[in-house]
Amino acid sequence: MVSNNLYALGALFKDPNKLVKLAKKIVELGYKNWDVHSSYPLHGLPRLMRLKWSPLGYIALILGLTGTSFGVFFTWWTMSVDYPLTIGGKPWFSFPAFVPVLFELTVLLASVGTAIVMLFIIFKFPNNRHPLHDTEYMKKVSVDHCGIVIEAKDKNFDYEKVKALFQEFEPDQILDIYYQEEEVAYKPKVFDWKFITFLVVIAVLTSAVGYLFNNKILYMPPFDFMLNQFRLGPQESSTFFADGFGMRKPVPGTVARGDIYYPFKGKPEEAGAKLINPLLPTKENLALGQEKYNTFCSPCHGWRGEGDSHLNGQFPNPPSLHSEKVRTWSDGRIYHVIVEGQNVMPSYAKQLTEKERWAIVLYIRALQRSLNAKQEDVQ
Amino acid sequence: MSNIDYTIEPEVVEGKPSHSAVNDAIAKPLETKPTWKYYIALGISSTLLLIGAVCLGYSFYYGIGLWGNNQPVGWAVPIVNFVFWVGIGHAGTLISAILFLFRQRWRTGIARFAEAMTIFAVITAGLFPLIHTGRPWLAGYLFPLPNQHHLWVNFTSPLIWDVFAVSTYLTVSFVFWYIGLIPDLAMLRDRTTSKIKKVIYSIFSLGWRHSNRHWNHYEMIYLILAGFATPLVLSVHTIVSFDFAVSILPGWHTTIFPPYFVAGAVFSGFAMVQNVLIIVRKIFNLEHIITLDTLEKMNKVMLATGMMVGYAYGVEFFIAWYSGNPLESFVFLNRAFGNYAWAYWIMVSCNVIFTQLFWFKKIRRSIVPMFIIGVLVNVGMWFERFVIVVTTLSKDFLPSNWDYYKPTLVDIGILLGSFGLFFTLVILFIRSLPVVSISEVKAVIKGSQPGHH
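Bear in mind the structure is a predicted one, so any value in this text is a computation, not a measurement. (Residues numbered from 1 in each chain as written. Chains lettered and ligands numbered in written order. Predicted model: local features only at pLDDT ≥ 70, side-chain atom pairs only at ≥ 80, totals over all residues. Heavy atoms only, no water.)

A look at the overall build of chain B
Secondary structure summary: chain B contains 15 helices and zero strands in total. A compact globule built from 453 residues would reach a C-alpha radius of gyration of about 22 Å, and chain B, at 23 Å, matches this within 12%. Burial statistics for chain B: of 453 residues in total, 60% are counted as buried. Restricting to contacts in chain B with at least 6 residues of sequence separation, those with at least 24 account for 81%. For chain B, the computed accessible surface area is about 18,600 Å², with 71% contributed by carbon and sulfur atoms. Across chain B, the centroid of the 31 positively charged side chains sits 9 Å from that of the 22 negatively charged ones. (Helix = DSSP H or I, 4+ residues; strand = E, 2+ residues; numbered from the N terminus. Rg over C-alpha atoms; globule rule 2.2 N^0.38 Å. Buried < 20%, exposed > 50% of the residue type's maximum accessible area, 1.4 Å probe, protein only. Contact = heavy atoms within 4.5 Å. Areas by Shrake-Rupley, 256 points an atom, 1.4 Å probe, with all protein chains shown as cover. Lys, Arg positive; Asp, Glu negative; His and termini not counted. Charge placed at Lys NZ, Arg CZ, Asp CG, Glu CD.)

Okay, here's the thing in structure tokens:
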């Protein structure tokens, strides 16, 4: 009579009080694999069934603290390590201002995480293959009955005995609940080709939409209005002005800010005779000169001014700065070359301020002295 | 009067319906063909939604110069709408979480509906900061993602707190709502005869089988989520008020803003829930589950929160005078007697004066007057946000900068569209999911718990 496929024996009650009496008896008899089903929580039943106190409170606490600590780490790392920005003169790690975000992260992780733990880890959902589904038992529990099942796998289970026990408490109905064939045979198939195809399709679709959105759609009208504005870019032509230039030249005689009139234009000898280096060869000035020399001069003149360009001959190499001629030049004569250029060397007046030019002159003097040291320099 | 026994709680559900009758009543809207009334309601709301969609598409194409926003009123109707809709959402969480913690059993009939309204209101609200930026397709950078210069969002800014608060609020409300839905979806799964519906309900009920071993954890998580949602809901409108209070503009820079905003949010949210419930219980014959007692209690909450809001209006004026700050006093005098006095007095009369009618039990318990007062409260609360945002901005520190802000037709179209979106979602929800929590109602019907004889 008793099939191998029997899952459990169930009893249905309309009156929860009768069910409670039966549940008490089942606990006394020491059944382990049994359960009570009702479409709403019955008060006091978890204690009566000797269920353990739900651990979800601790899980929520742990997840919440994880959220907080992640938030502290993340705000600290982004705001004071990865890209520190001073905002309103406040410290980089201004904790009070981060509290709202920390609170939200705590609540978010604790609530969503606890729900996920309960549904997918504790309950092992989704589980639509449970033998109770689609039975008359479940249908009645869903409407207006409460039910008790004792599972066949319980070691005290004996079909006749359980049935007799149920009858003793006058249930409205006693039901045998069987496994269906496919429920027994069912195995979750993660590597099923349909499932894999589904994942691949989702991945391709997501990437395609992301690509289209970020690289194509954002550059189409109307989303491109920031890119295409009614203005001219640098060097663009314009039909508005007679000369066809989009960029306008300043009025003749315009002096740029910070520009100082240079009286020795085209007069190198006069500059050499009349200009005097205003800077003293202090450590700071020499350091400034070294920095600017290395940036602007060394690509052609070489690190030590020997004309050994580190551009490897892509430009004509300049003569050495250690020649007799340059060594005997005055400071003003060298300064003039920096301002006006010489031969293929262009003017560096735009790149270097007056002070920087004089600092470079000082540094060149130091370089020259290093290769042509006098006897007393060594001592 | 003296012989009333206050130790006995009145019945939450009127009569003593059988469990199967509860199932039938709540599942009926999902299983029957809708009446013409339903289609009319859906038609109106989707027309409004369409108006909003057209106005939005128009704004996206031509740019937000179509709106009234300009110097000096840069935060205008879009931000007013945002604050308004976030506020509407608060009643739902208050009913479902805070009243749950206080063991107010009368909430069972309306909790599910209020939670759904929370979600829809927050969705509607979330739209406005996005469109307000003018380029909503770049909204991803509101989240902490480094941009092309590896610069992160500014975590010290109230606007980024807003992003976290509103998105957390939406997520947690959704989880809370979904957890509550699972047993009801299982009930529908076992009840339906349609094959397609069966598959859908099976997927979304996740295989719930009413086991008391599960109920043990379920009741715990419900308590935990209610415990989290309670401070969360208070934090959300607090943070929304920080958008204003953390700035240094007179009229915004006040410490009363967080509690004042939260009270206002609950106030307007209850008015909206009450309005919609009155319609739903009438159309779907749920008068015995969403009872008149419940509505009366909601009106009492509105009376209380309305007076809190009125108190806040008073205190703002008092502090403006008491602080001796001339800018502060100017702003408040300007609110009450300046260009926008009409908006200010609409706000005061709707929020403070008309709600006083709820002192009368007769008005608290009659449907038509309470419905009208509910509508007025929402009008008043919209104008409250309008007054706060616009009056302060339109007259800033530099008199030559002052201007009179007027919303354009497109602004109004988008406001109508937000109502359309909200009500369309509500109307679709009514016919696709159980509007009342079946398992909670069954649990409070007399005789369904063991030990009650």
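Thoughts on helix 2 (residues 36–62) of chain B
All names here are of chain B. Relative to the 39 Å expected for 27 residues at 1.5 Å per residue, helix 2 spans 39 Å between its end C-alpha atoms, a close match to the ideal helical length. For helix 2, the set of buried residues is Y38, L42, S45, G52, C55, L56 and S59. Buried residues in helix 2 make contact with helix 4 (108–132) and helix 14 (409–432). Remark: G63 follows helix 2 within two positions and exhibits a positive phi of approximately 95 degrees. (Expected span 1.5 Å × (residues − 1).)

Quick look at helix 3 (residues 56–82) of chain A
The terminal C-alpha atoms of helix 3 of chain A lie 36 Å apart, and with 27 residues this matches the ideal 39 Å at 1.5 Å per residue to within 8%. Every buried residue of helix 3 of chain A is accounted for by L56, A60, G64, G67, G71, F74, T75, T78, M79 and S80 of chain A. Turning to helix 3 of chain A, the residues buried within the fold contact helix 4 (95–122) of chain A together with helix 7 (212–245) of chain B.

Remarks on the pattern of salt bridges
Residues and elements named next belong to chain B. Applying the stated criterion across every chain, the model contains 22 salt bridges over all chains. When the shortest N-O distance is used, the salt bridge between R191 and E31 registers 2.7 Å. Residue R191 is found in helix 5 (residues 158–191), and its partner E31 is found in helix 1 (residues 19–31); the two are separated by 160 residues along the sequence. Note on E31: relative accessible area 38%, which makes it partly exposed. The shortest N-O distance in the salt bridge between K282 and E287 comes to 3.8 Å. (Salt bridge = Lys/Arg side-chain N within 4 Å of Asp/Glu carboxyl O.)

Quick look at the side chain of D411 of chain B
All names here are of chain B. With respect to the secondary-structure elements, D411 resides in helix 14. Buried and without a salt bridge, D411 has K406 as its closest oppositely charged side chain, separated by 12 Å. Not counting chain neighbours up to four residues away, the residues in contact with D411 comprise W67, G68, N69, V77, P78 and Y405.

Digging into the environment of V73 of chain B
Residue and element names in this part refer to chain B. In this fold, V73 is placed in the loop between helix 2 and helix 3 (77–101). On a C-alpha basis, the gap between V73 and Y311 in space is 27 Å, while along the polypeptide they are 238 residues apart. In contact with V73, other than residues within four places in its own chain, are V390, L393, S394 and Y405.

Regarding empty space enclosed by the protein
One pass over the structure, following the stated rule, counts six cavities of 30 Å³ or more. Computed from the structure, the largest cavity encloses a volume of approximately 50 Å³. Taken together, M79, L85, I87, K90, P91, W92 and S94 of chain A together with T156 of chain B make up the full set of residues lining the largest cavity. (1 Å grid on protein atoms, 1.4 Å probe; cavity = no way out; pocket = protein on both sides within 12 Å on 5 of 7 lines; lining within 4 Å. Points joined across faces, edges and corners; volume = space filled by probe spheres on them.)

Quick look at the sheet that holds strand 1 (residues 6–13) of chain A
Residue and element names in this part refer to chain A. Ordered by their spatial adjacency, four strands build an open sheet running 2-3-1-4, and the pairing between neighbours is antiparallel. On the outer flanks of this sheet lie strand 2 (34–37) and strand 4 (173–178), each paired with one strand and no other. Adjacent strand axes in the sheet meet at a mean angle of 20 degrees when their direction is disregarded. As defined by bridge partners, strand 1 adjoins strand 4 across six bridges and the pair is classed as antiparallel. Bridged to G10 within strand 4 is L175. Against the sheet, helix 6 (residues 159–168) makes contact with strand 1, strand 3 (146–151) and strand 4, and its axis sits at roughly 10 degrees relative to strand 1, the strand it touches most. (Pairing = 2+ DSSP bridges. Axes fitted to C-alpha atoms, helices over the stretch in contact; angles between N-to-C directions.)

A look at the packing of aromatic side chains
Taken as a whole, this structure holds 65 aromatic pairs over all chains when the rule is applied. When the centroid spacing of 5.4 Å and the interplanar angle of 55 degrees are considered together, the rings of Y293 of chain A and Y363 of chain A count as tilted. Here Y293 of chain A, found in helix 10 (residues 283–301), pairs with Y363 of chain A, found in helix 13 (residues 354–371); they are 70 residues apart in sequence, far enough to count as distant. Here Y363 of chain A falls in the buried class, since its relative accessible area comes to 13%. Ring geometry for F318 of chain B versus W321 of chain B: centroids 5.8 Å apart, planes at 55 degrees, classification tilted. Of the two residues, F318 of chain B and W321 of chain B both sit in helix 9 (residues 292–322), three residues apart, roughly one turn of that helix. (Phe/Tyr/Trp six-rings, centres within 6.5 Å; stacked < 30°, edge-to-face > 60°.)

A word on the domain arrangement of chain A
When the domains of chain A are assigned, the result is domain 1 (1–188) and domain 2 (268–374). Spacing between the C-alpha centres of domain 1 of chain A and domain 2 of chain A amounts to 82 Å. (Domains from an automatic or database assignment.)

Considerations on the environment of S320 of chain A
All names here are of chain A. Within the secondary structure, S320 is located in the loop between helix 10 and helix 11 (324–328). Sequence-wise, S320 and A273 are 47 residues apart; in three dimensions their C-alpha atoms are separated by 22 Å. Once residues lying within four places of it in the same chain are set aside, the contact partners of S320 are G305, E306, G307 and V326. One polar contact links the side chain of S320 to the main-chain amide nitrogen of H322, over a distance of 2.9 Å. (Polar contact = N/O pair within 3.5 Å; in protein donor to acceptor, adjacent residues only side chain to side chain.)

Re the packing of helix 3 of chain B against helix 5 of chain B
All names here are of chain B. Running from N to C, helix 3 and helix 5 cross one another at 40 degrees; their axes reach a closest spacing of 12 Å. Classified by the interaxial angle, the pair formed by helix 3 and helix 5 is oblique. In this structure, helix 3 meets helix 5 at a crossing whose hand is left-handed. Contact with helix 3, carried on its side by F82, G89, H90, T93, S96 and A97, involves D162, V166, Y169, S173 and F176 of helix 5 and no other residues of that element. For the contact of helix 3 with helix 5, the residue count by class is five nonpolar, five polar and one charged. (Parallel < 35°, antiparallel > 145°, perpendicular 65-115°, else oblique. Left-handed = near helix turned anticlockwise from the far one by under 90°. Nonpolar A, V, L, I, M, F, W, Y, C, P; charged D, E, K, R; others polar.)

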